[in-house]
Structures are given as structure tokens and as C-alpha cells.
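Chain residues, written in single-letter form:
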Amino acid sequence: MMSRKALQAARDLIRAADRILLAAHVDPDGDALGAMLGLYWGLRGMGKECLACCADPVPQVFSFLPGSGEIARRGRGDEGLIIALDAGQLERLGSAYDETLFQGVPVLNIDHHTTNTLFGQVNLVDASSPSTVELVMKLLVELDIPLDARIATCLLTGIVHDTQCFRTANTIPSTLRAAAELMEAGASLRKVVDKALTTRSAASLHLWGGILDGLRVSDGVVWAWETLEMHRRSGAAEDEGRGLINLLAGAQEAEVAVLFRERGEGIVDISMRSQGGLDVSQVALAFGGGGHRRAAGCVVKGSPELVEGQVLEEIKERLRTAET
Ligand SMILES: [Mn+2]
């Protein structure tokens, strides 16, 4: 749980700063972008000078978010406060955060990953929260910032994305209440679900077909590969495999689902989902990544065969140990 004291400390940090840098994690998702932009509009309404930034470009599906066209790649260096959003470690901000440039500048850490390292001067971290935007909503209340349609659209996108539209196991009654409040403030649930979850290009459906065609199952693990060759053949953009891991997780045979994404130069991006009792954030942690109990990820360098073998062995070993 997030303490009242942490909320007040966050409020004081924000009140004291004139220029604020908001930063979302690399390879941003709907929660990171929604939390960052929702807070961005809120703080701007308060009269703060804000810069929103992310080391990676905004995926096309999130370009409907108000402010998505104003996101810089890194901070300027003259900001008096940095707010990290949805990032379990400071390193997750990538090149958006330059350690030398921001030496001595306080960091406010707003996040909900179980593996969060509490790297901020103030940490608004609550692993029981289904999304980071729900923590941002509490902060907005603390700051007396009223919701408007723009803020609400950003925040609702975070909830819809991280709960897969209220379907994940960590969805709680207060999530639905928060969503209702955001709809009352002018956000369209239908539009957000359409844009952030449902709509895809034909090329992306081709890509998904290719990935699903290679699906493998063994010992409670369902896994598949998203290769550079599949992207070339389908014409799908780099981020259009997004969301497919949730489909894999729905396989009846899957206690754990894994999607291996080939990123070039021997780098493999791994997403995991757990449908049973296994805490995949611990598997991710073993490979230098992090996440939540039921959804986690890591980036591993090595040949596809080697990486696949190591990750599957780690998962199967943990599944075996959990059984005995
Ligand atoms: Mn999140």
C-alpha cells in the first residue's frame, strides 16, 4: 500500500518545482504513456512548466493520446524534478534519463511493479495497484487537480491497457470505480478500448498469424517466436506484435506463456505471463528484468536457441520445484 506520507511528500516535491521532467519507460505501453501524459496535462493546468519524454517513439496505436506528439526523447537538463512513470528501475528510462545531467535532481518514482527498486527520493510505489495511472489519480487528488476529458482519456488508457480491459486477475473494485470516474470526466471507454486494444492493421494480423503458426507447447509452457523475418514478410511495424502475449496466455495448456521477440544484434526481448501460481517476475529478475507476478519481461543477449533453452529451463525448473 502507498502511504499517506509518501503522497504528501510527492505533493510537496511537485509544489516546490517549477520545471518538471516526466519520463516513461523505454518501449512505452499504454500505462506508461497514459500516466505520463495524464500527469503532464494536470501539472500544466497547475501552471508548471513540464516536459514529457521517452527514449523510444510512441507506438502508432497510442498516437490518439492527447500530447503524444509533444513527447521529447530526453530531458533538457534544467528541470528541478524528475518524475519516473511505470518504471521498476531507473535504467528502464533508458537514454531519457542522463545520470550526469541530472546529478542531484530529486526523482519521484511512481510505479506498480513488484520488482521496483525504490530508486526515488520519494516513491509512490504500490504493487497491488493494477496500473500506474491509478496511483497518478491519487496524486492528482492530493494536488487538488480536477480531471478533464484530456487527462481522463490518458488515464483510462493506462487502466484499459494494463488490465486488458478489466480482465486481468489483479483488477479490483476500485479499478472499476476509477474507470467510472474517468468516464464521467469525459473519457470514452469505447474509443480507448478500440484504439489501445482492438484495432490492428492487416499487416499486424499477418504477423500474428506467423507467430501463432510457430506456437510450441511442453510441460505447461506455451511459447512462440516473433522474428525479424516475420516482420519483413508481413510488413508489420516493429511494435505490432504488442498484445499477442495475452493471446498466448489464454492457451488452455499454458501455466506460463512466453513470447520471444528477436530484436537484431543478438538481442531477444522476452515477455511472460503466468496463469497458475508461478511468479514470473522472479524468472524475469533472474535474467536482469522485472515486472509483476503474472506479467513480466526481460531482455537477454544470445543466440535464439541458447536464450530459448535457458529461459524455458528456468521456468520449467521453477514449475517442477513448485509442484514438489
Ligand atoms: Mn503498468
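Rules used in this analysis
Throughout, residues of each chain are indexed from 1 in the direction in which the sequence is written. This being a predicted model, a pLDDT of at least 70 is required before a residue's local features are given, and a value of 80 or more before pairs of side-chain atoms are given or counted; all residues contribute to the totals for chains, interfaces and linings. Here the side-chain values reflect all heavy atoms present in the structure, with hydrogen atoms and water set aside. A pair of strands is treated as paired once DSSP finds two or more bridges between them. Strands here mean DSSP runs of E at least two residues long; helices mean DSSP runs of H or I at least four residues long; both are numbered from the N terminus. Here an angle of 0 to 180 degrees is reported between the N-to-C directions of two axes, which are lines fitted to C-alpha atoms, with helices fitted over the stretch in contact. In what follows, residue pairs with any heavy atoms lying within 4.5 Å of each other are defined as contacts. To estimate the expected span of a helix, subtract one from its residue number and multiply by 1.5 Å. Geometric relationships in this document are graded by angle, where less than 35 degrees denotes roughly parallel, more than 145 denotes roughly antiparallel, 65 to 115 denotes roughly perpendicular, and other angles denote oblique. Left-handed is the label given to a crossing in which the near helix is rotated counterclockwise from the far helix by less than a right angle, and right-handed is the label when the rotation is clockwise. Polarity classes work like this: nonpolar for Ala, Val, Leu, Ile, Met, Phe, Trp, Tyr, Cys and Pro, charged for Asp, Glu, Lys and Arg, and polar for all others, with Gly in that last group. Metal coordination here is assigned from N, O and S atoms located within 2.8 Å of the ion, or within 3.2 Å for Na, K and Ca; omission of water means that sites may look incomplete. The cut-offs for exposure are 20% and 50% of the maximum accessible area for each residue type, with area from a 1.4 Å probe on protein chains only; residues under the lower value are buried, those over the upper are exposed, and the others partly exposed.

Enquirer: Report on the sheet that holds strand β4 (residues 107-111), specifying residues and quantitative values.
Expert: The sheet built from five strands is open, its strands ordered β2-β1-β3-β4-β5 with parallel pairing. The open sheet terminates on both sides in strands that have one partner only, identified here as β2 (49-53) and β5 (122-125). Each strand of the sheet is rotated relative to its neighbour by a mean of 15°, with strand direction disregarded. As paired strands, strand β3 (residues 81-85) and β4 are joined by four bridges and run parallel to one another. For Ile82, the partnering residue across the bridge sits in β4 and is Val107. Relative to the sheet, helix α1 (residues 4-16) contacts β1 (19-24), β3, β4 and β5, its axis offset from that of β5 by approximately 125°.

Enquirer: Got a sec to walk through helix α5 (residues 173-184)? Specific residues and values, please.
Expert: When the terminal C-alpha atoms of α5 are compared, their 17 Å separation across twelve residues agrees well with the 16 Å that a helix rising 1.5 Å per residue should span. In this structure, the buried side of α5 is in contact with α3 (133-142) and α4 (149-162). In the stretch just after α5, Gly186 is the one whose phi turns positive, near 120°.

Enquirer: Pulling in residues and values, what's your account of the packing of helix α2 (residues 30-45) against α3?
Expert: Taken N-terminus to C-terminus, the directions of α2 and α3 make an angle of 15°; their axes are 9 Å apart at the nearest point. Judged by the angle between their axes, α2 and α3 are roughly parallel. Here α2 runs over α3; the crossing is right-handed. In contact with Asp31, Gly34, Ala35, Leu39 and Gly42 of α2, α3 contributes Val133, Val136, Leu139 and Leu140. When its residues are assigned to classes, the contact of α2 with α3 shows six nonpolar, two polar and one charged.

Enquirer: I'd like to hear about the coordination of the manganese ion, residue by residue, with values.
Expert: For the manganese ion, the protein coordination sphere consists of Asp31 (OD), Asp86 (OD), His112 (NE2) and Asp162 (OD), at 2.2 to 2.4 Å. Coordination of the manganese ion draws on donor residues from a single chain, spaced D-x54-D-x25-H-x49-D in sequence. Taken together, the residues span a long stretch of sequence, with Asp86 in the loop between β3 and β4 and His112 in the loop between β4 and β5 at a distance of 26 residues. Here the two residues Asp86 and His112 agree in accessibility, since each one is buried.

Enquirer: How would you sum up unusual backbone geometry? Please name residues and give values.
Expert: A positive phi angle, close to 65°, is found at Asp86, a residue other than glycine. Judged by its relative accessible area of 2%, Asp86 falls in the buried class. Located in the positive-phi region is Leu118, a residue other than glycine, with phi close to 50°. Structurally, the position occupied by Leu118 is in the loop between β4 and β5.

Enquirer: Can you explain the sheet that holds strand β7 (residues 221-226)? Please cite residues and give values.
Expert: Strands sit in the order β6-β7-β8-β9-β11-β10 across an open sheet of six strands; the sheet is mixed. The open sheet is flanked by β6 (216-218) and β10 (290-291), the only strands paired with a single partner. By the bridge criterion, seven bridges tie strand β9 (residues 267-274) to strand β11 (residues 295-301) in an arrangement that is antiparallel. Pairing of Ile270 across the sheet is with Cys298, part of β11.

Enquirer: Residues and numbers for the packing of α4 against α5, please.
Expert: Packing of α4 against α5 leaves a shortest axis separation of 9 Å and a crossing angle of 155°. As summarised for this structure, α4 and α5 are arranged roughly antiparallel, according to the angle between their axes. Note that α4 runs across α5; the crossing there is left-handed. Taking contact as the criterion, the partners of Ala152, Leu155, Leu156 and Ile159 in α4 are, on α5, Thr175, Ala178, Ala179, Leu182 and Met183. Residue composition of the contact of α4 with α5, grouped by class: eight nonpolar, one polar and no charged.

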